[in-house]
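Inside the fold
Okay, here's what each chain looks like letter by letter:
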Amino acid sequence: MFRSGPPRHTPRAQHAADDAHLRQLGYEPVLTRRMGSFGNFAISFSVISVLSGCMTLYGFGLTTGGPAVMMWGWIAVGVMVMFVGAGLAEVTSAYPTSGALYFQAEQLGGRKWGWYTGWLNLLGLLGAIAGIDYGAALFTGAWLNLQFGFEPSAGKTMVIYLIILTLHATLNLFSVRLVSVLNSISVWWHLAGVAVIVGVLAIVPAHHQSPGFVFGEFVNHTGWSSSVYVALIGLLLAQYTFSGYDASAHLSEETTNAQVSASRGIMRAIGWSWAAGFVLLAGLTFAIQDYTATRATATGVPPAQIFLDALGVAGAKALLLVVIVAQLFCGNAETAAASRMVFAFSRDGALPGSGLWRRVHARTGTPRNAVWLAAGAAALLAAPSLYSPTAYAAITSINVIGITPAYAIPIYLRIKHRRQFRPGPWNLGRWGVAVGAVAVAWVTFVTVLFCLPQTSPISVATFNYAPLALIAVLSMAWAWWRAAGKRTYDVPARSFDRSADRFDQEIV
């Protein structure tokens, strides 16, 4: 199904070919191209991070459908995400830029398609940083609870969260080579971490749940009476985890052989995550000793209670550290992807204060101001967690309903304008339209699904704030378009003067 030429070049010739193609798309290369094929795959694999998504939403899964929905939902969602990933990979091969989704949408559908896709993509990426790093803060609080008797209140968790955000922003101020190295380490840490966690949980505990329990036990503590509704809402665990693979596209201007490497990075990241996540979820669920105690754990993190019950305090602390480090890798990779989106969107004049956010540091070749903006916005998105116990699920929903539609828009436009679409070297051939149609249908379904309330009765504390965030960002995008966007938003492929680098004055 997949086709991926062209012939290989020497590294120097390949860099020249990549830069020449970028200029054909309308952009003068200003970022440093130091990431290889493995590094590009590694950033999407790190952002998907089964040790982040599966772990942080495991408690949500225990309440919303239980083991049966977690396991079968993981399989079903993984299948559908492969369709979405393949459709996106094909379009990415044709348009490998840091702007990624919005640039693709603009090329295939026009300015307004690009404009709104960009705002959706930005919302999703910022929601992803918040979801990942807040999850890491929750797990860090659980480890501190076991080690020092720390009580992880909402306020204390927020402090930990802000520290983690600052760490990731600081790491992303340096060269993309550091980001690439950290992501490469992250791949092996994740794979080894899943193997260690599952291996220990399979060997050490004297008691394990039956296969009938792991694959057939349905649990509903949401307050809703409809089992079908609860099962559908429970898909959030898998769908949230399977997001962020557009990171490969956002880092394409810093990747060698970008037209092939970025597309392969998307597909390989989804495939490996699908396999690793299934093994991890199965290992955790087989090792549950007391379901009720696991759900109501004083640590605030159900997987920590599974570790405690199965291994004791020392073993639990060791495995929690494995998970926390993986989550830190994940958050760092997502910060890199989001900052490149901020940079690219600002480069095209889409954000207020674009002149500030598109600046690239001369020595490191990184968009430092964009990094700080991404981290600051993620800090604001997590603020509701100070007073709402369901805020974390809402943050993850913001990620899903922001970024997932943004995946589908360029795929939809590729189908709509299939006669004008010129595929890149990595393409689906005659299967492109069929694969894209399945991808668009799935994205439409989950977007509606995750705007729905997740718990009953609905109150200020249990309200799903994700639809409000979606409405707010679309309203802001509409207002900014009318106020300034029509004048300032200017994608270079349509009106860029290729004879001069209009960003010379922005490189400091």
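Residues numbered from 1 in each chain as written. Predicted model: local features only at pLDDT ≥ 70, side-chain atom pairs only at ≥ 80, totals over all residues. Heavy atoms only, no water.

**Considerations on the nonpolar core**
Met 55, Tyr 161, Ile 197, Tyr 245, Leu 280 and Phe 307 are the most contacted members of the largest nonpolar core, which has 148 residues in total. With near-sequence residues (within four places) excluded, Phe 307 lies in contact with Met 55, Ile 197, Leu 201, Leu 284, Gly 312, Ala 316, Leu 319, Leu 320 and Val 323. Listed in part, the ten residues of the second largest apolar core include Ile 43, Val 176, Val 179 and Ala 333. (Core = buried A, V, L, I, M, F, W, Y, C linked by side-chain atoms within 4.5 Å. Buried < 20%, exposed > 50% of the residue type's maximum accessible area, 1.4 Å probe, protein only. Contact = heavy atoms within 4.5 Å.)

**Here's the deal with helix H8 (residues 154–171)**
In an α-helix, one full turn covers 3.6 residues, which means residues spaced three or four apart are oriented alike. An ideal rise of 1.5 Å per residue puts 26 Å on 18 residues; H8 measures up with 26 Å between its terminal C-alpha atoms. Listed as buried for H8 are Thr 157, Met 158, Ile 160, Tyr 161, Ile 164, Leu 165, His 168 and Ala 169. (Helix = DSSP H or I, 4+ residues; strand = E, 2+ residues; numbered from the N terminus. Expected span 1.5 Å × (residues − 1).)

**Examining the packing of aromatic side chains**
All chains considered together, the criterion is met by 24 aromatic pairs. Geometrically, the ring pair formed by Tyr 27 and Phe 103 is tilted, given 5.4 Å between the ring centres and 50° between the ring planes. Here the residue Tyr 27 occupies a position in the loop between helix H1 (11–25) and helix H2 (37–48), and Phe 103 occupies one in helix H6 (residues 101–109), the gap between them amounting to 76 residues. Given a relative accessible area of 2%, Tyr 27 falls into the buried group. Here the aromatic residues Tyr 102, Trp 115, Trp 119, Phe 345, Trp 481 and Tyr 489 are joined through ring pairs into a cluster of three or more. Across the ring face of Phe 150, the terminal group of Lys 156 is positioned such that the distance to the ring centre comes to 5.3 Å. The lysine or arginine in question, Arg 347, covers the ring of Tyr 27, its NZ or CZ lying 3.8 Å from the ring centre. (Phe/Tyr/Trp six-rings, centres within 6.5 Å; stacked < 30°, edge-to-face > 60°. Lys NZ or Arg CZ within 6 Å of the ring centre and 35° of its normal.)

**Some remarks on the environment of Thr 157**
For Thr 157, the position within the fold is in helix H8. Sequence-wise, Thr 157 and Ser 385 are 228 residues apart; in three dimensions their C-alpha atoms are separated by 9.2 Å. Setting aside chain neighbours within four positions, we find Thr 157 in contact with Tyr 134, Ala 137, Leu 138 and Pro 152. Engagement of the side chain of Thr 157 in a polar contact is seen with the backbone oxygen of Ser 153, the distance being 2.9 Å. (Polar contact = N/O pair within 3.5 Å; in protein donor to acceptor, adjacent residues only side chain to side chain.)

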